[in-house]
Amino acid sequence: MRGLLLCCLVALATSQSVRYELGLNPKKTYEYKYVGAVNFGLGISNLAESATRISCKIKIVGSSEKTFILQVSDFAFEYFNGIQGRNRFNASPKLTQRIASQLSKPFVFDYVSGHVSNIRTSIEISDTIVNMVRGMLGMFQVTVKTTQRIYELEEAGIHGNCQSNYATEVNAETKDMTITQVVDVNNCREKADIYRGMATAVLDEDAKTRGESIISTLRCVYTVKPTADGGLITSARGLEQQHFSPFNVRGGNFKMEAKNELVLLSVNDTARAVTFGSIQSRGNLVFKFVNAEANLPIIMQNLDDPVTKAAELIKHLAEVNRYQIDSATSEDTIKLYQLLRVMPYEGLEVLWKQFAGNEEQRRWFLDMIVEVSDARILKFLETRFQAGDVSANEALQTLVVAFNHLQAIPDLVEMAKMFLNMPFSKSNVYLWNTVVLSYGSLVYKHCAYYTPCPVAVVQPLLDMAVESLRNGNQTDMVLALKALGNAGHPSSIKTIMRFLPGVAATPVDLPPRVLSAAVQSMRLIAARDPHSVQDIVMSLFLQKNLPTEIRMLAFMILFDTKPSMAVVSIVTVHLQEEKDLHVISFAYSYLKSLSRSSTPNNHFLSTACNVAVKILAPKFGRLSYHYSKAVHMDWFNEDFLIGTATEVFMLRSATSVFPTEIMMKGKFYFIGRILELMELGIRADGLKALFGNRIPGFKGDLSFSDFQAILNVLQNWEILPDDKPILTAYSRASGQEWFFADLNKETIKNIIKVASHSAEKGSSLWAAIENLQRGVSWHWTKAFLILEVRYFQATILGLPLEISKYYQSISGITVNATAAVNPPLTDRLGQLFTSEISLATDGLIGSTKDLWVYYGINTELFQCGSEFKAKAPLVIPWKFTATFNAAEKKFALDFAPCKKEFDLISVSSNVYAVTRNIEEPDLAKRTPIIPNYFDSNGEVVQMGSPVRPASDQLLTSNTWQQRDKMCAESNIYGAGLCVEYKLRREYYHEEYPLYYFLGYTHMAFKVVPAQANKVVDKIRFEVNTGPSSLPVSSRQLLETLSRLSEEATQREGLSSDSASSVRGSHHSHHDNLMEGRNSTPEAVFNVNAFAMSGNNNPEGYNAVFYYTPEAKMRKTQLIVSQVGEDTNWKMCIDTTVKPHVEAKANIRWGAECQSYEMSIISATAHLPGARPTIKAKIHWTRIPENVAEVCTRFESYIPGVALLLDFYQKHERNVRQEISASVVASSADSIDVKIKFPEYTVYRQAIAFPLPPVSRSFNVTTQQ
């Protein structure tokens, strides 16, 4: 009994001295082996991947009870680029040595109860190396609880403050504890990640319900041995996996797999203390991001002596792009951006002094320097503004891009304020507008990253707005309000309210132009403070004494706030009592459009709008398009997580026939963000006042008299006031207004003065003509980094994972021109209308766009990942001579013949596994992820054995390749157009959307020389609109046409619908036709397109357009004839139009227009007591076989398309060789559609379609 008791006591004492809670003995030295690797690819065999692996020994030595020192030895860096199983890891001795030299320094850290904190090391150790050490120390960060087997908690780790879930299990034999830790790295409260370049792309939380573009998992497994000093980690394994797609990860994805492993090698007593020099705290275990502005993920180059290298690149780019865009060097712009970002400010000044005197190099430098996105660019611009050594145009272009690409940190925003007070900023009205608007955009970006956003950043704009209101300066009011609209700062609401009647503390009486700017200035605040904006715009909308357009704008902004069902219901109630038809029409059309929206952000709003439309439809569903309208159209694809939306707003009022304001804007939905694309708007205050509520003499049938009526009104433009703009236009990009301009009376007077017939020598237009006669050459290029979007996050290895998109463009134009005037000008410009003007010119318009998408590790030392690269060059060359004679109404163009093949536009893309390192930048490796199975002989190489392709389309195991080339050539002109493509895909490209874009792609649209019938000296295009007599041959052809048209009309009258009204219509047409046979056709114009060959007769085509004047109808004929030896091909088109009644066209072609024939007829009907109807029909007697084949193919798609559009199908035999359609107004807001094909009929009833009111002149007696 005593022995048993003694054993129990010993066991109890032993259990109390052995603990699982992690701890290290400060008197001992622990040695571990550490291996970390990260891999990028598709996770599919036989496809290329890239990987990086690091390995070393870690020694941990105690310094005090809580402080320990980490030492790294035997470090090795390896990289992999190729296909698993065929390639192997390669060592990089130079990079290994560079990293090891820093890792050899001691790293001090605190360690208590399994938690690492306060990492310290020498100040010269880079943040990248410290982060790698964080990855090693992260293997020691684990919370052990012995009272619970399963537990969860939030703790700091390398990914930030994230939720961890633990499960523990003790081995009964060894007593070792196995701890499994799963970290939710997708939903960290404070996540170690950074977005850059996405400030203007609004986060779309609702899109996450449709799918994700990034999904990550992290799991760590520890083996802990209990000791008297605490739990000792004997091994640890971490596995982080991430799935990324530019679309929805469910539709295929790239994969990142990061692994690290720690194995205990030995535990020994510390022989001697480790000494270390001066150290500095580098923070805790949470990943610290490096300033990566210069670490561009898509290149790696030696950055020593950046000034000299940048100067050489600028000279090279300016030279090779002087006459055309050199697509082969377009990627060098990215290298130049990187060099500029790493050089000191003094280097920028050196480059400016070097290039300021060379126009071409100066322009390239100013275009490039805008990507220096920190204080250096602001200091550079400040120096230029103070010195005044840039033009207003140069300053405008440079500043607008520099501000929009500037880092929106507090210091830089504060620094940017100085441009609002510099005299040079106000030296030009467009420059001043740009400065103010660009500062507003900078404030918006700042507020996107700093919440709550301080009022101080927007205070200068608030002061401008208040001052303009105090002075009554409407121009300054509009500018300040537009800048506040760009800023989107919630604190500006109170200032904006001072401009709005009914909500301002003191009464205001401002013109609609200012009120419009005030209402629209809340468009971006609507997303940041929706409730405040809702209160204001609802109040404006309900004020029936406000101008109609302001109420409609308020309604538009209201729905930018995404109102709730309750708010939409309130609006619906008020609309039922509304009297203004323009407000009703605008609101109802917008509600109806939104009710059909399918984008995630409108999911709940569309439901609310659908209910509102059902309530309002019985009363307002029949309003016509003569009233104000708002149209919203969108689509969204869940497989791609991509969508687009387009909105068009036309604001009118009862006091003017002319629209007050027209706006168009688009949105792009991608990976959980909403990016506003280009928006255009026009205000027509002056035109609105000029036209009033009617146009005298305007009938609405778009006849010549209608255009004459409009011109008569425009001639009275001088009666408009001098202080109000006639027209105002603006443009916004990414939701930010960057340009607006007013067209006023003074501008029109200057234009008329310059272009007047009586303008004499000394005018600017006269000087331009003289320069052209001497010969001019002009060249312009523009390099622009359109998109730089970057996302960074930590990995368990302590290496930064980056997802980036770069979109770069270089555009250019080269023009050489010489003009001649005969007889020459002597005293006034009006002589041009009695002279012959010729212009000889050659040149080129070109652009190259490069797109990169990078997914991988990116540090200043090495890169490893997957990269999508696309290039799209565009080239439009020209060489021609133009001749114009106004007196004779002749115009001619002479083109040079096509001598060599060139690509008009092409697109090439591929996806690569990439590895780069700074020690050997020239040895960067980029392997196509999908291997190229074609060898240089055009054979397919697979698994080492060549197989000769049997056809153009090849289908092998998991591989799909296709090439094709289609050409249309003209033997007359000796030129042709070709489309060619070459595709290579791998693995179920039809199953997963991502795989559509993976693999090699090349598509090109080419101009190619062709074998001509004769040697072509030039190609002439002529237009003659002068009076000419009708040739006898043409008169005979026209008489034949008239007779054949009569016969065709009689045939169709017998074979078509036998209703009396239709017969009456055809008889009426016949009578008019007979009446017109005695009329003389007038040749309106003729067009020639000839290939000229020495003294030989020209070959090509001639087209003559005739008009036969008649009282009751409009008759035209177009005769196209092939000109050349032994040819009688012609096409004859005979059209007859009775306004508001019927339109008819007979088309014949072939030998003397006799081989093939078809006719098209459409007619309207609106009999008393019957429903308005439009009928149309296509009838053919003879058509070519190839045309019939194309039509048959097209017809095969009709049933499927009809089904998608909710049409019904009925099989029945209709008239052969005829397709007819009818549209019947079944109600005031719906139509019935029926389309008859020879074998079947498709139809749909009650299609929603608001109809315009029936015009009195529309009362015609045709078919019911």
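Residues numbered from 1 in each chain as written. Predicted model: local features only at pLDDT ≥ 70, side-chain atom pairs only at ≥ 80, totals over all residues. Heavy atoms only, no water.

## Considerations on the overall build of the protein chain
- The number of helices and strands found in the protein chain is 28 helices and 47 strands.
- Here the protein chain holds 1264 residues, and the buried ones make up 50% of them.
- Partitioning the intrachain contacts of the protein chain with sequence separation of at least 6 by distance along the chain shows that 67% fall at a separation of at least 24.
- Taken as a whole, the protein chain presents about 59300 Å² of accessible surface, with 56% of it coming from carbon and sulfur. (Helix = DSSP H or I, 4+ residues; strand = E, 2+ residues; numbered from the N terminus. Buried < 20%, exposed > 50% of the residue type's maximum accessible area, 1.4 Å probe, protein only. Contact = heavy atoms within 4.5 Å. Areas by Shrake-Rupley, 256 points an atom, 1.4 Å probe, with all protein chains shown as cover.)

## A short note on the environment of Gly 865
- Counting through the fold element by element, Gly 865 comes out in strand E26 (residues 862–885).
- Separated by 567 residues in sequence, Gly 865 and Ile 298 have C-alpha atoms that sit 10.0 Å apart.
- Ignoring anything within four residues of it in the chain, the contact list for Gly 865 reads Phe 40, Ser 50, Tyr 854, Tyr 855, Gly 856, Tyr 912, Ala 913 and Val 914.

## Considering the pairing of strand E9 (residues 177–184)
- Only one face of E9 is buried, namely the one carrying Met 177, Ile 179, Gln 181 and Val 183, since none of Thr 178, Thr 180, Val 182 and Asp 184 on the opposite face is buried.
- In terms of strand pairing, strand E8 (residues 160–170) meets E9 through 8 bridges, oriented antiparallel. Residue Gln 163 lies in a different strand from E9, and its bridge partner there is Asp 184.
- Here E8 hands over to E9 after 6 residues, with Lys 175 in that stretch at a positive phi of 65°.
- Pairing between E9 and strand E13 (residues 214–225): 7 bridges, direction antiparallel. Looking at the pairing, Thr 180 lines up with Val 221 of E13. (Pairing = 2+ DSSP bridges.)

## Quick word on the confidence of the model for the protein chain
- Per-residue pLDDT for the protein chain averages 87, and the proportion of residues at 70 or more is 89%.
- Ignoring residues within four places in sequence, the model shows residues 934–957, a span with pLDDT below 50, making 39 contacts including any to other chains.
- For residues 1253–1264, every residue scores under 50 in pLDDT, and the model assigns this stretch 30 contacts once sequence neighbours within four places are set aside. (pLDDT = per-residue confidence, 0-100.)

## Points about the state of the cysteines
- All told, the structure shown has 4 disulfides when counted by the stated rule.
- Across the disulfide, Cys 447 is cross-linked to Cys 453 (sulfur-sulfur distance 2.1 Å). What sets the handedness of the Cys 447 and Cys 453 disulfide is the S-S torsion sign, and at about -65° it is left-handed. Note on accessibility: Cys 447 and Cys 453 belong to one class, buried. (Disulfide = S-S within 2.5 Å.)

## Focus on the packing of helix H17 (residues 530–542) against helix H18 (residues 548–560)
- Packing of H17 against H18 leaves a shortest axis separation of 8 Å and a crossing angle of 150°. In terms of orientation, H17 lies roughly antiparallel with respect to H18. Once H17 is placed against H18, the crossing between them reads as left-handed. Residues Val 533, Gln 534, Val 537, Met 538, Leu 540 and Phe 541 of H17 pack against Arg 551, Ala 554, Phe 555, Ile 557 and Leu 558 of H18.
- Its residues placed into classes, the contact of H17 with H18 shows 9 nonpolar, 1 polar and 1 charged. (Axes fitted to C-alpha atoms, helices over the stretch in contact; angles between N-to-C directions. Parallel < 35°, antiparallel > 145°, perpendicular 65-115°, else oblique. Left-handed = near helix turned anticlockwise from the far one by under 90°. Nonpolar A, V, L, I, M, F, W, Y, C, P; charged D, E, K, R; others polar.)

## Some remarks on the nonpolar core
- Ranked by size, the top nonpolar core spans 136 residues in total, and within it Leu 340, Phe 365, Phe 559 and Leu 591 carry the most contacts.
- In this structure, Phe 365 is in contact with Ile 314, Leu 340, Leu 348, Leu 351, Trp 352, Phe 355 and Phe 380, ignoring residues within four places of it in sequence.
- One finds Leu 70, Ala 201, Phe 862 and Leu 994 within the second-largest nonpolar core, a separate group that totals 93 residues. (Core = buried A, V, L, I, M, F, W, Y, C linked by side-chain atoms within 4.5 Å.)

## Considerations on the packing of aromatic side chains
- Going through the model one piece at a time under the given rule, you end up with 38 aromatic pairs.
- Taken together, a centroid distance of 4.9 Å and an interplanar angle of 15° make the contact between Tyr 151 and Tyr 166 stacked. Placement of Tyr 151 in strand E7 (residues 150–157) and of Tyr 166 in strand E8 is noted, with a sequence separation of 15 residues between them.
- Residue class for Tyr 151 comes out buried when judged on its relative accessible area of 4%.
- For the pair Phe 586 and Phe 649, a centre-to-centre distance of 6.0 Å together with 35° between the ring planes defines the contact as tilted. Of the two residues, Phe 586 sits in helix H20 (residues 581–595) while Phe 649 sits in strand E18 (residues 642–653), which places them 63 residues apart along the sequence. For the pair Phe 586 and Phe 649, one class covers both residues: buried. (Phe/Tyr/Trp six-rings, centres within 6.5 Å; stacked < 30°, edge-to-face > 60°.)

## Description of the side chain of Thr 96
- Mapping Thr 96 onto the fold places it in helix H2 (residues 93–103).
- In this structure Thr 96 touches Phe 75, Ala 76 and Phe 77, once residues within four positions along its chain are discounted.

## Things to note about unusual backbone geometry
- In this structure, the amide linkage connecting Thr 451 to the following residue, Pro 452, adopts the cis form with an omega of 0°.
- Locating Pro 452 in the fold gives a position in the loop between helix H11 (429–449) and helix H12 (459–471).
- With an omega of -5°, the peptide bond running from Asn 822 to Pro 823 counts as cis.
- Secondary-structure assignment places Pro 823 in the loop between strand E24 (801–822) and strand E25 (836–858).

## Observations regarding the pattern of salt bridges
- In the structure shown here, the tally under the stated rule is 57 salt bridges.
- As a salt-bridge pair, Glu 349 and Arg 384 come within 3.2 Å of each other at their nearest N and O atoms. You can see Glu 349 sitting in helix H6 (residues 345–355) and its partner Arg 384 sitting in helix H8 (residues 375–387), a full 35 residues away along the chain. Here the two residues Glu 349 and Arg 384 agree in accessibility, since each one is buried.
- The residue Glu 549 makes a salt bridge to Arg 683 at a minimum N-O spacing of 2.6 Å. Here Glu 549, found in helix H18, pairs with Arg 683, found in strand E20 (residues 673–683); they are 134 residues apart in sequence, far enough to count as distant. Both residues of the pair, Glu 549 and Arg 683, belong to the buried class.
- Shared partners join several salt bridges into a network, and the residues in it are Arg 196, Glu 293, Arg 341, Glu 371 and Glu 788. (Salt bridge = Lys/Arg side-chain N within 4 Å of Asp/Glu carboxyl O.)

## A look at helix H13 (residues 474–487)
- For H13, which comprises 14 residues, the first-to-last C-alpha distance of 20 Å matches the rise-based estimate of 20 Å (1.5 Å per residue) to within 8%.
- For H13, a buried count of 11 out of 14 residues is recorded, marking the element as mostly surrounded by other parts of the structure.
- Considered for burial, the residues of H13 that qualify are Met 477, Val 478, Leu 479, Ala 480, Leu 481, Lys 482, Ala 483, Leu 484, Gly 485, Asn 486 and Ala 487.
- A side-chain oxygen of the first residue of H13 lies 3.1 Å from the backbone nitrogen of Thr 475; this N-cap is Asn 473. (Expected span 1.5 Å × (residues − 1). Polar contact = N/O pair within 3.5 Å; in protein donor to acceptor, adjacent residues only side chain to side chain.)

## Here's the deal with the environment of Gly 211
- Among the structural elements, Gly 211 can be located in the loop between strand E12 (201–203) and E13.
- Put simply, Gly 211 and Ile 671 are 460 residues apart on the chain and 8.8 Å apart in space, counted from C-alpha to C-alpha.

## Some details on the pairing of strand E22 (residues 736–743)
- Relative to E22, strand E21 (residues 727–733) runs antiparallel, the two being bridged by 7 bridges. Paired with Tyr 730 across the bridge in E22 is Phe 740.
- The turn joining E21 and E22, which pair antiparallel and follow one another in sequence, is formed by 2 residues; a positive phi near 55° is taken by Ser 734.

## Section: the packing of helix H4 (residues 306–320) against helix H5 (residues 332–342)
- In contact at an axis separation of 9 Å, H4 and H5 are set at 150° when each is read in the N-to-C sense. Taken together, H4 and H5 sit at an angle that is classed as roughly antiparallel. The chirality of how H4 crosses H5 is left-handed. Touching Pro 306, Lys 309, Ala 310, Leu 313, Ile 314, His 316 and Leu 317 of H4 are Asp 332, Thr 333, Lys 335, Leu 336, Leu 339, Leu 340 and Val 342, all from H5.

## Considerations on empty space enclosed by the protein
- One pass over the full model with this rule turns up 10 cavities of 30 Å³ or more.
- There is about 230 Å³ of room inside the largest cavity.
- Around the largest cavity, the lining is made up of 20 residues, and of these Gly 138, Gly 157, Ile 158, Gln 181 and Leu 218 lie nearest the centre.
- Elements that contribute at least two residues to the lining of the largest cavity include exactly E7, E8, E9 and E13.
- Here the lining of the largest cavity is composed, by residue class, of 10 nonpolar, 9 polar and 1 charged.
- Along the walls of the second largest cavity sit 15 residues, with Lys 482, Ser 516, Ala 517, Gln 520 and Arg 683 positioned nearest its centre.
- Elements with a contribution of two residues or more to the lining of the second largest cavity: H13, helix H15 (512–520) and E21.
- It is H15 that provides the largest number of residues to the lining of the second largest cavity, a total of 4 residues.
- Grouping the amino acids of the lining of the second largest cavity by side-chain chemistry returns 4 nonpolar, 4 polar and 7 charged. (1 Å grid on protein atoms, 1.4 Å probe; cavity = no way out; pocket = protein on both sides within 12 Å on 5 of 7 lines; lining within 4 Å. Points joined across faces, edges and corners; volume = space filled by probe spheres on them.)

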